[in-house]
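What follows is the residue order along each chain.
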Amino acid sequence: SGFMSHDLYLHGFFSASIKLPSDYTAGIVVAFYMSNGDMYERNHDEIDFEFLGNIRGKEWRVQTNVYGNGSTSVGREERYTLWFDPAEEFHRYSILWTEDQIIFYVDDVPIREINRTAAMKRDFPSKPMSLYATIWDASTWATNGGKYKVDYRYAPYVAQFSDLVLHGCAVDPIERSRKCDDISLIDGSIPSGITPSQRIKMANYRKKYLTYSYCYDKARYKTPPSECILDSQEADRLKKFDPVTFGGGRRHHGRRHHHRGTTKNAKASI
Ligand SMILES: *[C@@H]1O[C@H](CO)[C@@H](O)[C@H](O)[C@H]1NC(C)=O
Ligand SMILES: *[C@@H]1O[C@H](CO)[C@@H](O)[C@H](O)[C@H]1NC(C)=O
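These figures come from a predicted structure and were not determined experimentally.

> So what's going on with the sheet that holds strand 3 (residues 28-35)? Residues and values would help.
If you walk across this open sheet you meet the seven strands as 1-10-3-4-5-6-12, and the pairing is antiparallel. Only two strands of the sheet have a single partner each, and these edge strands are strand 1 (2-4) and strand 12 (210-213). Recorded for the sheet is a direction-independent mean angle of 15° between the axes of neighbouring strands. Summarising the sheet, strand 6 (residues 78-80) and strand 12 pair through three bridges and their orientation is antiparallel. Each residue of the ladder has a partner; that of Glu78, found in strand 12, is Ser213.

> Let's hear about the site of ligand 2: which residues, and what values?
What surrounds ligand 2 is the set Asn43, Asn69 and Arg122. Between ligand 2 and Asn69 there is a distance of 2.5 Å, counted from an oxygen atom to a side-chain nitrogen or oxygen. Within the side chain of Arg122, an N or O atom sits 3.1 Å from an oxygen atom of ligand 2. Expressed as a share of its isolated accessible area of 360 Å², the protein-covered part of ligand 2 is 38%.

> Summarise the site of ligand 1; cite the residues concerned and give the values.
Ligand 1 sits among Glu113, Asn115, Arg199 and Ile229. Contact between ligand 1 and Glu113: a nitrogen atom at 2.8 Å from a side-chain N or O atom of the residue. Take Asn115: an N or O atom from its side chain is 2.4 Å from an oxygen atom of ligand 1. Split by residue class, the shell around ligand 1 holds one nonpolar, one polar and two charged.

> Can you tell me about the packing of aromatic side chains, naming the residues and giving the values?
Tallied over the full model, the rule gives 18 aromatic pairs. Ring geometry for Phe49 versus Phe104: centroids 5.3 Å apart, planes at 85°, classification edge-to-face. Separated by 55 residues along the polypeptide, Phe49 in strand 4 (residues 46-52) and Phe104 in strand 8 (residues 101-106) bring together distant segments of the chain. For the pair Phe49 and Phe104, a shared accessibility class is recorded, and that class is buried. Measuring from centroid to centroid gives 4.8 Å for Phe51 and Tyr93, while their planes differ by 75°, and the two rings are edge-to-face. Of this pair, Phe51 sits in strand 4 while Tyr93 sits in strand 7 (residues 91-97); the two residues are 42 residues apart in sequence, bridging distant segments of the chain. Residue Phe51 is classed as buried on the basis of its relative accessible area, which comes to 0%.

The rules behind each value
Position labels on residues start from 1 in each chain and follow its written sequence. Following the order in which they are written, the chains are lettered starting with A and the ligands numbered starting with 1. pLDDT decides what is reported in this predicted model: residues at 70 or higher carry local features, side-chain atom pairs at 80 or more are listed and counted, and totals for whole chains, interfaces and linings draw on all residues regardless. To get the side-chain values, all heavy atoms of the structure are used, and hydrogens and water are removed first. Here, strands pair whenever DSSP counts at least two bridges between them. The helix count covers DSSP runs of H or I at least four residues long, the strand count covers runs of E at least two residues long, and both are numbered beginning at the N terminus. To obtain each axis, a line is fitted to C-alpha atoms, and for helices this fit is confined to the stretch in contact; angles are then taken between N-to-C directions over 0 to 180 degrees. Nearness is defined per residue: one heavy atom within 4 Å of the molecule or strand is enough. Whenever a nitrogen or oxygen atom comes within 3.5 Å of another N or O atom, the pair is scored as a polar contact, on the condition that within protein one atom can donate a hydrogen and the other can accept it, and that pairs from neighbouring residues in sequence are kept only if both atoms are in side chains. Computed with the Shrake-Rupley method and a 1.4 Å probe, the accessible areas treat only the protein chains shown as cover for residues. Gly falls in the polar group here, along with every residue not listed as nonpolar (Ala, Val, Leu, Ile, Met, Phe, Trp, Tyr, Cys, Pro) or charged (Asp, Glu, Lys, Arg). For Phe, Tyr and Trp, where Trp contributes only its six-membered ring, two rings pair if their centres lie within 6.5 Å, and the inter-plane angle classes them as stacked under 30 degrees, edge-to-face over 60, or tilted in between. The buried label applies to any residue whose accessible area, calculated with a 1.4 Å probe on protein chains only, is under 20% of its type's maximum; exposed applies above 50%, and partly exposed to all values in between.

Here's what the structure looks like:
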């Protein structure tokens, strides 16, 4: 189940307050993401927040990832836990996407920054995308590599979204016109990068809550992708976590029912 933006955007700031389903949520994934997989089957772009459910009493995990121009053979996943229970109340999750940078935020804390580097080349998302929110059954991988499946005795699983922000450059999908190079011109309140004090918060957050980074996953990448900046302390910290399994084959759309509309609040459930 889910919803998507009617418009496609090239760069912008996208945000929602989200409350996740509570209780037993193993196998459930709630995703808040940008994609153009419907238009570009072989060379799509994607920027993801994915929330991975858990067995009762165990915390939700958050995963972020990006693909550029069909670079799905290189997953750039990171995983984290949170400093609060995301099923208890609404918290804000945001994506800032510019020509050179992608920043993921939880509330006002930037949790991940991806710079477009020469090494990343085409793997940096660069084509217009729609914004999506979905909830789906990922029993095969979401919780302990598929050990715990969705238990529909606990259905419906409801994810609530409110205060949606879509401050992006809406583009014509064919002409690709109206590209805006300076996102701050859309709305003065859009962050233009990470401030020094936010940078400290980000470092503290990552020290405490980062549980997985593809950069240190030797089973997947003998040589880490070239944009990785390795840090021996971080490597040591991440050693204590179990190896991680990924979903692979995209994607979370089931059959489509199209409804036009505008909304500030929405629910998606399975
Ligand atoms: C991204 O670029 C900024 C500005 O040059 C730099 O301060 C920051 O460390 C870079 N971040 C990453 C993750 O490479
Ligand atoms: C993206 O991939 C397609 C097909 O693989 C290729 O033709 C195109 O040049 C690539 N575009 C960019 C911007 O890299």
